[in-house]
Every structure is written in structure tokens, then in C-alpha cells.
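Below are the chains, spelled out letter by letter.
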Amino acid sequence: MSQFAIRKRGLLIVLLQLAAVLFTGCSREDGDRSASTNPEAKATITFVAAEYSSSTKPYFEKLVKDFETKYPNIKVELQVINWDILDSAYNTMISRNEPPDLLLTNIYAHFAKDGLLNSMDDILSKELKDDIYPYLMESSKMEGTQYTVPYVATIRQLYYNKDIFNEVGLTEPPQNWKSLEADARKIKETKQVDGFGVDLTDNEIWAYLSYFFYGAGGGWMKNGEWSINSPENVEGITFLKDLYEKGLTDSEPTVTTRDEKQRILGNGKLGMLISGNYFETVVPHEYPGLKWGKGPIPVKEGQTPLVLGVQDVLMSFKTDHTNKEALSRFLDFMYENARYEEFVLREGFLPTIQTVGSKLAKDDPAMKQNLDALKTAKFYPIQDPAWSAVLNATRNMGQTVLLGQTSPKQALDRLQQIALNKSH
């Protein structure tokens, strides 16, 4: 089957899924929608979760079934939705005044700014709140209010195909941009395969912008103010564009996603790419013979080695059937040690609670290394209400920059203006 046909079929599946989600949202019986504070009364929790893999939905379906068995007075209406349509699905629910009681995704601050979210301080049990790594809780706060709770985390690093490195005479991953360029060129010229995989698709472009912003000594914000069009950031994106123009990246950065590039690396047709630590769980299963290595994200000469951290968070929307005690019980159930550990290991994530993190780190040196790296990682500015608009605006800029339709400086000027406009 051609790549076009595969993408077409994938798009059809996504559209059918979206239609099913919207139909479910329209036809759901309302029942008793009055707010309740009595946990023994009948309660309903609508829970919308991002789909990470084919294992996500079965996991949450079993979790809900087990929870409803333990708490028969609490009904959980679950929807697990593909990342490609997740934003559209929950935004449609919100526009219909039918937001979910609980949403698992990666942005929240614009909802908090609009007054749509419950405070997690009113929902989280003290035991659960005390168990979450404190440094992960900071980006879940706005103006002192805890609006979300981190559910899973990852760190991004450089992964490489060891066989390719050995064949071309490379003994270690590149630490800086100069070495990244030289290694990518050596792989390209010696092996006739792509040296460095870059994902500037709608799914991941903000990650690659972050790698090269921070790698140049810049970032999304500085001293609490947006600094997207800083000279450092322009330098970082210019370097990335130069790599592409020199033929040292893969040929389709705006078409093939990170997950597709991981498969290409596994097939021996790509030397390096930046990915999350889930690479270490997923790829070896798909390519058991693959020998891979990892290192920090390469940075400009003289800059500190870079690790980017990412976290997905749970938030609670205000609904006219909100039951905070029921939500508190459900969250405690979700984070129960054995159950939560199963999810983390199944999906290849890093835990956000200390009990599970300590246990896994004790048994697994790689987990300990990743959790230690997470403590000093750079993160997206998810606590700023303008982040959602900035993230959306990045989606189409990859192609225009790579093809020279706009310069890196012009593209980042536009993002900076969007950030400033949405901050007021």
C-alpha cells in the first residue's frame, strides 16, 4: 500500500473517531446534573483521556470497571481519544457547555484564565498531593492556585542507531551542534542514509523548536516574559534550517512524524533523532535486534547540555454535576501504586509520584537516571495562558521556514506577537 493510501486510510479512521466522539457528546443522557458534595449519592464523572498507544484504551477501560465495582454509586463515562483529534473533541464539548469533569492532555492555562477549571486544591487528597514530586507541581499552578495535577512525564534525549555509528566510525553521540553536523554528514556520505531525523509536523514542531531554542541559550520565556524572537532563538532555528538545506536531516521533516522516524531508525535508514524516553520501551519491542544508544540533546558550543522535560496533566472542568469527593476518590484510585506503576511501565513514561518513582528507580538504573535528569530539565511554559495559542501557531511554520517562504526571524516575530496579544 502506498504512503498516500496509508495516510488517507489513517485520516479516515481519525475522522470516523471524531464523528463518534461528537455523536456520543450529543446523545449522552443527562441524568441528574445537579452539583453534589455527598460522595454516597449517585455521581457521574465524564473522563476524557489522550490515547498514547493501542494499550491506553484497554487500560483505562479496566481501571474504570474496577473503580465502578469498588464505588457502585459513581459512574465514569470514559472516552479515550487519539491525539490527532483530541483538541477538536474537547473544545467542541466545551463550546456545547458539556466539558468533561476530568481531562488528560498537555495544556490548561487558557482554561484556567477563563474560569473554567476547578481548583485541584479542593479535590486532591492530602496523601496524593504530598506524594507528587513538588517540582512537577509548579507548572500546574497559576497565581498560587493548583489547577492541574501531573499524571505522566517524559524526558527528551538524542537516540542513535549503534550499528550505523559503528559502521561509519563514530564512537559516541554528538554533544554540540558542530559535532551533530559533522556526524550527520559522515552518516549521509558513508552509509547513504539520513543522518538526523527532524519532526516539524503538526504533532511535534514545538518540541524541535524547544531543542534549538534552549540549545542556543534561549527559550520561550525569559524572566517571566515572552522572548520567542530573541537572537538566540533565531540562531537556533537558522542552524536547523541550514542542516535541512545541506541535506543532513531527513528529507521530509514536515511530513513524517517522530514515531515514523523511530521506525525508520529501527530499519537502519536513519542515524539519529530526538525522542522521549518511551523510545526505550516501544522501539525494542518493535525492533528487538536494534542496538541503540542515547545522549543529551546537542547544543551550541559552550552551552549547558540539554534535557527537555514534558508532562501531561489532569484538570477538572466546572460542570453542573461536579462532585469533588467522587473526583477525589477517582484520582486516588488512578494513582494507586500498583495500578499507576502498571500504566507507567506499559506506556514507557516516567512516574510523577514519589512512591512509584522510588520503587522503580531502585530496581532500574535507567529509570533512576531519567528521573534524576527530569529534576533539572527545561519545560514548556504550560502555565502561561498564551501557550495554547503559541503552540497552535507553530503548527504551520515548519514548511514556510524550511522552504524559505519566511525567514526564521519573521516566523519567530509572528509567534512573539501572538504570545503578547494573548497575554493581555
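Criteria and thresholds
Residues numbered from 1 in each chain as written. Predicted model: local features only at pLDDT ≥ 70, side-chain atom pairs only at ≥ 80, totals over all residues. Heavy atoms only, no water. UniProt positions renumbered as here; feature names shortened; annotations may be inferred. Helix = DSSP H or I, 4+ residues; strand = E, 2+ residues; numbered from the N terminus. Buried < 20%, exposed > 50% of the residue type's maximum accessible area, 1.4 Å probe, protein only. Contact = heavy atoms within 4.5 Å. Axes fitted to C-alpha atoms, helices over the stretch in contact; angles between N-to-C directions. Parallel < 35°, antiparallel > 145°, perpendicular 65-115°, else oblique. Left-handed = near helix turned anticlockwise from the far one by under 90°. Nonpolar A, V, L, I, M, F, W, Y, C, P; charged D, E, K, R; others polar. Arc of directions from axis to C-beta. Salt bridge = Lys/Arg side-chain N within 4 Å of Asp/Glu carboxyl O. Core = buried A, V, L, I, M, F, W, Y, C linked by side-chain atoms within 4.5 Å. Expected span 1.5 Å × (residues − 1). Pairing = 2+ DSSP bridges.

As recorded by an unreviewed UniProt entry, the protein carries the name Extracellular solute-binding protein and is attributed to Paenibacillus alba. Looking at the Sequence similarities (unreviewed entry) heading of the UniProt record, one finds this comment for the protein: "Belongs to the bacterial solute-binding protein 1 family."

Novice: Got a sec to walk through the environment of I237? Specific residues and values, please.
Specialist: Mapped onto the secondary structure, I237 falls in helix α10 (residues 231–245). Using a relative accessible area of 4% as the deciding quantity, one classes I237 as buried. Between the C-alpha atom of I237 and that of L209, which follows or precedes it by 28 residues, the distance is 7.0 Å. Aside from chain neighbours lying at most four places away, what touches I237 is L209, F212, F213, V401, P408 and L412.

Novice: Tell me about the packing of helix α17 (residues 387–394) against helix α19 (residues 408–422), and name the residues and values.
Specialist: Packing of α17 against α19 brings their axes to within 8 Å, and their N-to-C directions diverge by 155 degrees. Put simply, α17 runs roughly antiparallel to α19. For the pair α17 and α19, the crossing hand works out as right-handed. Contact residues: A389, V390, A393 and T394 in α17; R414, L415, I418, A419 and K422 in α19. A breakdown of the residues in the contact of α17 with α19 according to their chemical character gives 6 nonpolar, 1 polar and 2 charged.

Novice: Outline helix α15 (residues 354–363), supporting the account with residue identities and numerical values.
Specialist: Among the residues of α15, V356, G357, L360 and A361 are the ones counted as buried. Buried residues along α15 cover an arc of 125 degrees about the axis, so they all sit on one side. Seen from the open side of α15, the exposed residues pointing more than 90 degrees away from its buried face are K362 and D363. Here the buried face of α15 lies against α14 (337–347), β13 (350–351) and α16 (365–375).

Novice: Lay out the environment of K113 in plain terms, naming residues and giving numbers.
Specialist: The topology assignment puts K113 in helix α4 (residues 109–113). Taking relative accessible area as the criterion, K113 reaches 44% and is therefore assigned partly exposed. With 157 residues separating them in the primary sequence, K113 and L270 have C-alpha atoms 43 Å apart. For K113, the residues in contact, after removing those within four places along its chain, are M142, P385, K422, S423 and H424.

Novice: Break down the pattern of salt bridges for me, citing the residues and quoting the values.
Specialist: On inspection of all chains with the given rule, the structure shows 23 salt bridges. For K261, the salt bridge identified is with D250, shortest N-O distance 2.7 Å. With K261 in helix α11 (residues 258–266) and D250 in the loop between α10 and α11, the pair connects residues that are 11 residues apart, well separated along the chain. Looking at D250, the relative accessible area reads 7%, which means it is buried.

Novice: Report on the nonpolar core, specifying residues and quantitative values.
Specialist: Ranked by size, the top nonpolar core spans 136 residues in total, and within it F60, Y151, F196, W220 and M334 carry the most contacts. Considering each element in turn, this core owes the most residues, 9 residues, to helix α9 (residues 205–215). Excluding its chain neighbours within four sequence positions, the residues that come into contact with M334 are F47, F60, L63, L102, Y151, L314 and Y340.

Novice: Outline unusual backbone geometry, supporting the account with residue identities and numerical values.
Specialist: Even without a glycine there, the phi angle at N97 is positive, about 60 degrees. Position of N97 among the secondary structure elements: in the loop between α3 (83–95) and β3 (102–105). With a phi close to 55 degrees, N223 is a non-glycine residue in the positive phi region. Its place among the elements puts N223 in the loop between β8 (221–222) and β9 (225–226).

Novice: Give a description of α10 that names residues and reports values.
Specialist: Taking 1.5 Å as the rise per residue, α10 with 15 residues should run 21 Å; its terminal C-alpha atoms sit 21 Å apart, in good agreement. N233, V234, G236, I237, F239, L240, K241 and L243 are the residues of α10 that are buried. Where α10 is buried, its residues meet α8 (177–191), β7 (194–197), α9, α18 (397–402) and α19. G247, located one to two residues past α10, shows a positive phi value of around 75 degrees.

Novice: Account for the pairing of strand β1 (residues 43–51), with residues named and values stated.
Specialist: Here β1 lies mainly inside the structure; 7 of its 9 residues are buried. In this sheet, β3 lies alongside β1 in parallel orientation, the contact comprising 3 bridges. For A49, the partnering residue across the bridge sits in β3 and is L104.

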